[in-house]
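Notes for the structure review
Each chain, letter by letter, is given below.
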Amino acid sequence: MKYSHGNELTAGTDNTIITVPAGCDLIVTYLYIKNKGSGSKDIDATWNHNGSSTEFIKGKGLNSKETLTFGGEAGAFLVMKEGDTLVLTPEANSEFVSLLSFELLPATPRLHF
């Protein structure tokens, strides 16, 4: 089943925007991030998987009203497993929003990598 989920992010703290439910896989098909405040502000994005953290966006500066996207027409996607989380961390005193589109599927057999 396909879903979309929007968030107003809390500045200066980790915002877990999705946690994959038990027994499921999740395919992120689109991530949209916007600095809706004034001035240039930074944001980080981290994928937490199986005890490891991967920052795939680190200190990305976005000007006022500027957006950042992952996936969509570019065809990039991220496959997440049960218990994985996606965390966005905006700079203190900022105003960011996000939109996440994803597909939730029954978990597939696990490969060991």
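Source: prediction; values computed, not measured.

This brings us to the overall build of the protein. Looking only at helices and strands, one finds 0 helices and 9 strands in the protein. Secondary structure elements of the protein occur, N-terminal to C-terminal, as β-β-β-β-β-β-β-β-β. Whereas a compact globule of 113 residues would reach a radius of gyration of roughly 13 Å, the protein reaches 14 Å, a difference of no more than 12%. Overall, the protein is about 45 × 30 × 20 Å in size when its C-alpha atoms are taken along their principal axes. Counting the 113 residues in the protein, one finds 35% classified as buried. A fraction of 81% describes how many contacts in the protein between residues 6 or more apart in sequence connect residues 24 or more apart. Carbon and sulfur atoms form 52% of the exposed surface of the protein, whose accessible area is close to 6,500 Å².

Turning to the pattern of salt bridges, a few remarks are in order. Inspection of the entire model under this criterion finds 4 salt bridges. The residue K81 makes a salt bridge to D25 at a minimum N-O spacing of 3.5 Å. Within this pair, whereas K81 is found in strand β7 (residues 78-81), its partner D25 is found in strand β3 (residues 24-35), the two being separated by 56 residues in sequence. Overlapping salt bridges, with partners in common, bring together D44, E55 and K58 in one network.

Turning our attention to the pairing of strand β9 (residues 96-106). When strand β1 (residues 2-8) meets β9, the two strands line up antiparallel, connected through 7 bridges. Residue pairing across strands places H5 opposite L100, the latter belonging to β9. Examined bridge by bridge, β3 and β9 share 11 bridges and lie antiparallel to one another. Looking across to β9, one finds that L31 is bridged to L100.

Let us look at the environment of L68. Examined against the element boundaries, L68 turns out to sit in strand β6 (residues 67-71). It is 6.5 Å that separates the C-alpha atoms of L68 and K34, two residues lying 34 residues apart in sequence. When neighbours within four sequence positions are excluded, L68 is seen to be in contact with L31, Y32, I33, I57, K60 and L62.

Tracing the sequence through the fold places K41 in strand β4 (residues 41-49). A polar atom in the side chain of K41 sits 3.5 Å from the backbone oxygen of N93. The contacts of K41, once residues within four sequence positions are left out, are N35, K60, G61, L62, E91, A92, N93, S94 and F96.

Where two aromatic rings form a pair, the distance of their centres and the angle of their planes describe that pair. Taken as a whole and assessed by the stated rule, the structure comprises 2 aromatic pairs. Taking 5.5 Å as the distance between ring centres and 25 degrees as the angle between the ring planes, the aromatic pair formed by Y3 and F102 counts as stacked. One end of the pair, Y3, is in strand β1; the other, F102, is in strand β9, with 99 residues separating them in the sequence. Y3 gets classed as partly exposed once you look at its relative accessible area, which sits at 36%. Judged by relative accessible area, F102 falls into the buried class, the value being 9%. Taken together, a centroid distance of 5.9 Å and an interplanar angle of 50 degrees make the contact between F56 and F70 tilted. Residue F56 is located in strand β5 (residues 52-62), and its partner F70 is located in strand β6; the two are separated by 14 residues in the primary sequence. By relative accessible area, which is 25% here, F70 ends up partly exposed.

How each quantity is defined
- Residues numbered from 1 in each chain as written.
- Predicted model: local features only at pLDDT ≥ 70, side-chain atom pairs only at ≥ 80, totals over all residues.
- Heavy atoms only, no water.
- Helix = DSSP H or I, 4+ residues; strand = E, 2+ residues; numbered from the N terminus.
- Rg over C-alpha atoms; globule rule 2.2 N^0.38 Å.
- Buried < 20%, exposed > 50% of the residue type's maximum accessible area, 1.4 Å probe, protein only.
- Contact = heavy atoms within 4.5 Å.
- Areas by Shrake-Rupley, 256 points an atom, 1.4 Å probe, with all protein chains shown as cover.
- Salt bridge = Lys/Arg side-chain N within 4 Å of Asp/Glu carboxyl O.
- Pairing = 2+ DSSP bridges.
- Polar contact = N/O pair within 3.5 Å; in protein donor to acceptor, adjacent residues only side chain to side chain.
- Phe/Tyr/Trp six-rings, centres within 6.5 Å; stacked < 30°, edge-to-face > 60°.

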